[in-house]
Amino acid sequence: MNVNEHDGQESQAGDGVQVSTGSDTPGAVPEAAIPELVIISGMSGAGRSTAAKCLEDLGWFVVDNLPPALIPTMVELGARSQGNVARIAVVVDVRGRRFFDNLRESLADLEAKHVTRRIVFLESSDDALVRRFESVRRPHPLQGDGRIVDGIAAERELLRELRGDADLVIDTSSLNVHELRAKMDAQFAGEEEPELRATVMSFGFKYGLPVDADLVADMRFLPNPHWVPELRPFTGLNEEVAAYVFNQPGAKEFLDRYAELLRLIAAGYRREGKRYVTIAIGCTGGKHRSVAMSEKLAARLAAEGVETVVVHRDMGRE
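The structure reproduced in this document is the subject of the present report. Owing to the predicted nature of the structure, the values given are computational and were not obtained by experimental measurement.

## A closer look at the overall build of the protein
Alright, step 1. The helix and strand tally for the protein stands at 9 helices and 11 strands.
Alright, step 2. Of the contacts formed within the protein by residues at least 6 apart in sequence, a portion of 77% connects residues at least 24 apart.
Alright, step 3. A total accessible area of about 16,400 Å² is found for the protein, and carbon and sulfur atoms account for 49% of it.

Below, the structure written as structure tokens:
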């Protein structure tokens, strides 16, 4: 991203926001701090939400249905974030009705400030869009008292010029969700394989299964340290408790084989465009066995390059 200098002058960015473009101006934003900007738009039902979610999973800061007049403001805030918001994606669509007319003005404003932006336009055939709206039994946002096809026609006319200005047009007529994500990955993920982020969560079965778990493993096949008086007060974070758990028959074998299984599953998740997985490890109370196993499993995943967070949901509840 390049923001050219203009002799230390400041430019007005929508709604009175000042964007400093000169390096000599006190408090001016360095060119290197200007975030990347992608504007996602297109036909309702063509997959804008999926495209936005894909960028979010790739680490972009995504704002859905932002009034176009506020896009320069978002760029300014990103530039002032000290590198914390380096890439911004904004979803703009006809849900913003009265704001949509401001889009061209905002794009011109960004161009005047020499802020580079890309427009991704999601397209689809009338037949495909009608089928999608009928499948979810929702009206098209522009159909009013008419038919779905009337809303689609009105939207096409409204978006005609924006489509012509788009840097990337993706026709999703024959694409499923995974194929659309793959196209977005190909454009924005670079050469690196998309990351998989894992949450390893210990829990106690007596407090209920985690509702957000993708995978659940049961550690109740191992002897419970609760029945060892000297270990009972401690948790699975304690070295003595962990050693007790992993000295039991089957504990190390489970860790090795489950980690191997997760490698297989993780490869499939990446192919299918899934970026987040929650692995729940349970025991009776969520204090000893599940905690010790979660810590070891998380360390194993992290060593294999999976970004991993450990959560002990029920530890301390007893």
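## Digging into unusual backbone geometry
Alright, step 1. In this structure, Asn65 takes a positive phi of about 55° despite not being glycine.
Alright, step 2. Positioned with a positive phi, Arg137 is a non-glycine residue whose angle comes to about 55°.
Alright, step 3. You can see Arg137 is positioned in the loop between α4 (126–136) and α5 (148–165).

## Some points on the sheet that holds strand β3 (residues 36–42)
Alright, step 1. Strand order in this open sheet of 5 strands is β4-β5-β3-β6-β7, and the pairing throughout is parallel. Of all strands in the sheet, those bounded by a partner on one side alone are β4 (61–64) and β7 (168–171). On average, each strand axis in the sheet is tilted by 20° relative to the strand beside it, whichever way the strands run.
Alright, step 2. As judged from the 4 bridges shared by strand β6 (residues 117–123) and β7, these two strands associate in the parallel manner. For Glu123, the partnering residue across the bridge sits in β7 and is Asp171.
Alright, step 3. Against the sheet, helix α2 (residues 71–79) touches β3, β4 and β5 (87–91), its axis set at about 160° to β5.

## Brief notes about the sheet that holds strand β9 (residues 215–218)
Note: strands within a sheet are paired through backbone hydrogen bonds, in either parallel or antiparallel orientation.
Alright, step 1. Reading across from one edge, β9-β10-β8-β11 is the order of the 4 strands in this open sheet, with parallel pairing throughout. Here the strands that pair on one side only, and so sit at the sheet edges, are β9 and β11 (307–312). Ignoring which end each strand starts from, the neighbouring axes of this sheet average 20° apart.
Alright, step 2. As judged from the 8 bridges shared by strand β8 (residues 197–204) and strand β10 (residues 276–283), these two strands associate in the parallel manner. When the sheet's bridge partners are listed, Phe203 is paired in β10 with Gly282.
Alright, step 3. Lying over the sheet, helix α8 (residues 251–271) contacts β9 and β10, oriented at roughly 175° with respect to β9.

## As for the packing of aromatic side chains
Alright, step 1. Enumeration according to the criterion identifies 4 aromatic pairs in this entry.
Alright, step 2. Seen from their ring centres, Phe254 and Tyr258 are 5.1 Å apart, and the 20° between their planes marks the pair as stacked. Placement of both Phe254 and Tyr258 in helix α8 is noted, with a separation of 4 residues, approximately one turn of the helix.
Alright, step 3. Residue Tyr258 is classed as buried on the basis of its relative accessible area, which comes to 11%.
Alright, step 4. Each residue in the set Phe221, Phe254 and Tyr258 is aromatic and connected to the rest through ring pairs, giving one cluster.

## Looking at the nonpolar core
Alright, step 1. Ile40, Leu55, Ile71, Met184 and Phe188 are the most contacted members of the largest nonpolar core, which has 47 residues in total.
Alright, step 2. With near-sequence residues (within four places) excluded, Ile40 lies in contact with Arg48, Ala51, Ala52, Leu55, Ala89, Val90, Val91, Val92, Val120 and Leu122.
Alright, step 3. Among the nonpolar cores identified, the runner-up in size contains 31 residues, and Ala198, Leu222, Val228 and Ala259 belong to it.

Each value, and the rule that gives it
- Residues numbered from 1 in each chain as written.
- Predicted model: local features only at pLDDT ≥ 70, side-chain atom pairs only at ≥ 80, totals over all residues.
- Heavy atoms only, no water.
- Helix = DSSP H or I, 4+ residues; strand = E, 2+ residues; numbered from the N terminus.
- Contact = heavy atoms within 4.5 Å.
- Areas by Shrake-Rupley, 256 points an atom, 1.4 Å probe, with all protein chains shown as cover.
- Pairing = 2+ DSSP bridges.
- Axes fitted to C-alpha atoms, helices over the stretch in contact; angles between N-to-C directions.
- Phe/Tyr/Trp six-rings, centres within 6.5 Å; stacked < 30°, edge-to-face > 60°.
- Buried < 20%, exposed > 50% of the residue type's maximum accessible area, 1.4 Å probe, protein only.
- Core = buried A, V, L, I, M, F, W, Y, C linked by side-chain atoms within 4.5 Å.

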